[in-house]
Amino acid sequence: MSSDPLFSPFQLKGFTLRNRLGVAPMTRMSSPGDSIPRQDVLDFLVRRAEHGAALVYTEAIVTDYESAQGYPGQARLTTQRQIDAWAPVVEKIQAAGALAIMQMFHCGRMAWPEVNPARRAIAPSQLAPQQTNPLTGQPYPLPDVMSRFDIDHVIHGFVETAKGAVAAGFDGIEIHGAHGYLINQFLSAYSNRRDDEYGGAVDRRFRFAREVIRAVRPVVPAERLLLFRISNWGVADSQVSLFASAEEWQMLISLLAAEPLDALSVSTYNFRDKAFGTDCTMAQLTRQVTALPLLICGQIHDRRSAEEALADADMVLSGKSMLLNPHWVAEVRAGKPLPLFKAADANVAYTDVPLP
Ligand SMILES: Cc1cc2nc3c(=O)[nH]c(=O)nc-3n(C[C@H](O)[C@H](O)[C@H](O)COP(=O)(O)O)c2cc1C
């Protein structure tokens, strides 16, 4: 590694990342109607690549037209029009020297049935989040327990969306297994109370994630990347530790590491927090059980925090700093004092005022 680890390249399979700073996935809710983001939202991703980010994630792309969408105006990537809208964006991100990664998700019980054409809400078990939907002030609906049909249908949606991303030219595809959405709901005993082969001990709760990964991998060309994002927290009932202990977390990571994945992305509230009552951070606990390339995220906002985070990871991702500061990469490089943005500062993500 060079004397400036943050600005040294990283080899991720056949891809050389020019530095260690990436744009975290950020939902923008700008795609009503045809599930294609507004042009300025697409342009924003290109601008971050032009301003030095080494990789750029899309917002979480919804995997079907039935039950996957959890927020109004989310994007999809299966129709030719959707693929044709993303292809030039991907090309420009790549021309600017960054990798383009598509993230895909199903909301599960974090459901907003009215924004899905089929108006369904499905989840591993019939449990609604305790919290109300912050956007509507209403309780979340009680979801249907997923049947075998639902499981197969959802997996199919992940596969078709991955195919759309491959057709649009993305370098990598990420399965969103974090933040209390569907895959995370299966992984956590908090939301998965099933007594069939998809519930019970960790390896059984992992079954759905494994089926998604193994169905998606064959449609992603071998030279492109398949990543998985995971967290111990969810957007609703956020006080809940979704996993019980460091042992449980590490078992899960070991199960993931045995799958055909090219990297893991660990999402935290604060990358510095010690996890599960241990002396270790989430990144450190993860690193103890896998050599897979690791991306870390959570309150990384200036050079010091980025360097510190990189000590236990290969890439650092920023959400809010990348969103709100177009010059973040250059200013991190310069060691400029930079603010730690709050969640409320990021609400501009959902307006139709173009971000710089
Ligand atoms: C506006 C906004 C939208 C987000 N949407 C997503 C998303 O679609 N998928 C995802 O995995 N995380 C999403 N996140 C979480 C970020 O990727 C990141 O994990 C979080 O903001 C913490 O990083 P930060 O402290 O650098 O902001 C979103 C965050 C923000 C601020």
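Everything here concerns the structure above.
What you see is a predicted model, and the numbers here were worked out from it, not measured in a lab.

Undergrad: Mind laying out the overall build of the protein chain, listing which residues take part and the relevant values?
TA: Within the protein chain, the regular secondary structure consists of 11 helices and 12 strands. By principal-axis analysis of the C-alpha atoms, the protein chain measures approximately 55 × 45 × 40 Å. Counting all 356 residues of the protein chain, 60% fall into the buried class. With 34 positive and 38 negative side-chain charges, the protein chain shows a spacing of 2 Å between the two charge centroids.

Undergrad: Before we move on, could you go through the nonpolar core and cite the residues and values that matter?
TA: Counting residues in each nonpolar core, the largest one holds 91 residues, and the members touching the most others are L21, I175, F208, V216 and F228. Among the elements that line this core, the one with the most residues is helix 3 (residues 148-168), at 9 residues. The next biggest cluster of nonpolar side chains, apart from the first, holds 17 residues, and it includes A24, A54, L55 and L227.

Undergrad: Please give an account of the pattern of salt bridges that cites residues and values.
TA: In the structure shown here, the tally under the stated rule is 21 salt bridges. With a closest N to O distance of 2.7 Å, D150 and R120 form a salt bridge. On the criterion of sequence distance, the pair formed by D150 in helix 3 and R120 in the loop between strand 5 (99-105) and strand 6 (122-123) is long-range, its members being 30 residues apart. A residue is classified by how much of its surface remains accessible, and D150, at 4% relative accessible area, is buried.

Undergrad: An account of helix 6 (residues 207-216) is needed here, citing residue identities and associated values.
TA: Within the sequence span of helix 6, burial applies to F208, A209, V212, I213 and V216. The buried residues of helix 6 occupy an angular sector of 135° when the element is viewed end-on, so they sit on one face.

Undergrad: Describe the sheet that holds strand 4 (residues 55-62), with residues and values.
TA: Spatially, the 8 strands close up into a barrel ordered 3-4-5-8-9-10-11-12, and their pairing is parallel. Pairwise comparison of adjacent strand axes, ignoring direction, gives a mean angle of 25° for this sheet. In the sheet, strand 3 (residues 21-23) pairs with strand 4 via 2 bridges, with the strands oriented parallel. Across the sheet, the residue bridging to G22 is L55, located in strand 4.

Undergrad: Help me get a handle on the site of the ligand, residues and values and all.
TA: The environment of the ligand is made up of 19 residues, and the closest members are T27, Q103, R229, Q299 and G319. Note that an oxygen atom of the ligand is positioned 3.1 Å from one of the side-chain N or O atoms of H176. Out of a free accessible area of 600 Å², the ligand has 89% covered by protein chains.

Undergrad: Can you tell me about the environment of K92, naming the residues and giving the values?
TA: Of note, K92 is situated in helix 2 (residues 80-95). In this structure K92 comes out as partly exposed when scored by relative accessible area, which is 45%. Once the C-alpha coordinates of K92 and D43 are considered, the two residues, 49 residues apart in sequence, prove to be 9.2 Å apart.

Undergrad: Could you give an account of unusual backbone geometry, with specific residues and numbers?
TA: Backbone geometry at R119 places phi at a positive 55°, although glycine is not the residue there. With respect to the helices and strands, R119 occurs in the loop between strand 5 and strand 6. Even without a glycine there, the phi angle at H179 is positive, about 60°. Within the secondary structure, H179 sits in strand 8 (residues 172-179). Classification of H179 as buried rests on a relative accessible area of 10%.

Cut-offs used in this document
- Along each chain, residue indices are assigned from 1 in the same order as the chain's sequence is written.
- Local features in this predicted model are restricted to residues whose pLDDT is 70 or higher, and side-chain atom pairs enter the listing and the counts only when it is 80 or higher, whereas totals over whole chains, interfaces and linings include all residues.
- To obtain the side-chain values, all non-hydrogen atoms of the structure were used and water was disregarded.
- Numbering goes from the N terminus for both helices and strands, where a helix is a DSSP run of H or I of at least four residues and a strand is a run of E of at least two.
- Per-residue accessibility, obtained with a 1.4 Å probe over protein chains only, is compared with the maximum for each type, and a residue is labelled buried under 20%, exposed over 50%, and partly exposed between these values.
- Here Asp and Glu are counted as negative and Lys and Arg as positive; His is not counted, and neither are the chain ends.
- The atom standing in for a charge is NZ when the residue is Lys, CZ when it is Arg, CG when it is Asp and CD when it is Glu.
- To qualify as a nonpolar core, a set must consist of buried Ala, Val, Leu, Ile, Met, Phe, Trp, Tyr and Cys residues joined through side-chain atoms within 4.5 Å.
- Basic side-chain nitrogens of Lys or Arg form a salt bridge, by our definition, when they fall within 4 Å of a carboxyl oxygen of Asp or Glu.
- The arc in question is the one traced by the directions running from the helix axis out to the C-beta atoms.
- Two strands qualify as a pair provided DSSP detects at least 2 bridges between them.
- For helices, the fitted axis covers only the stretch in contact; all axes are lines through C-alpha atoms, and the angles between them, taken along N-to-C directions, range from 0 to 180 degrees.
- Distances are taken per atom, and a residue is near a molecule or strand as soon as one of its heavy atoms is within 4 Å of it.
- Distance and chemistry together define a polar contact, namely a pair of N or O atoms within 3.5 Å, with one atom able to donate a hydrogen and the other to accept it when in protein, and with adjacent residues in sequence counting only for side-chain atoms on both sides.
- Working definition of accessibility: Shrake-Rupley area with a 1.4 Å probe, residue cover restricted to the visible protein chains.

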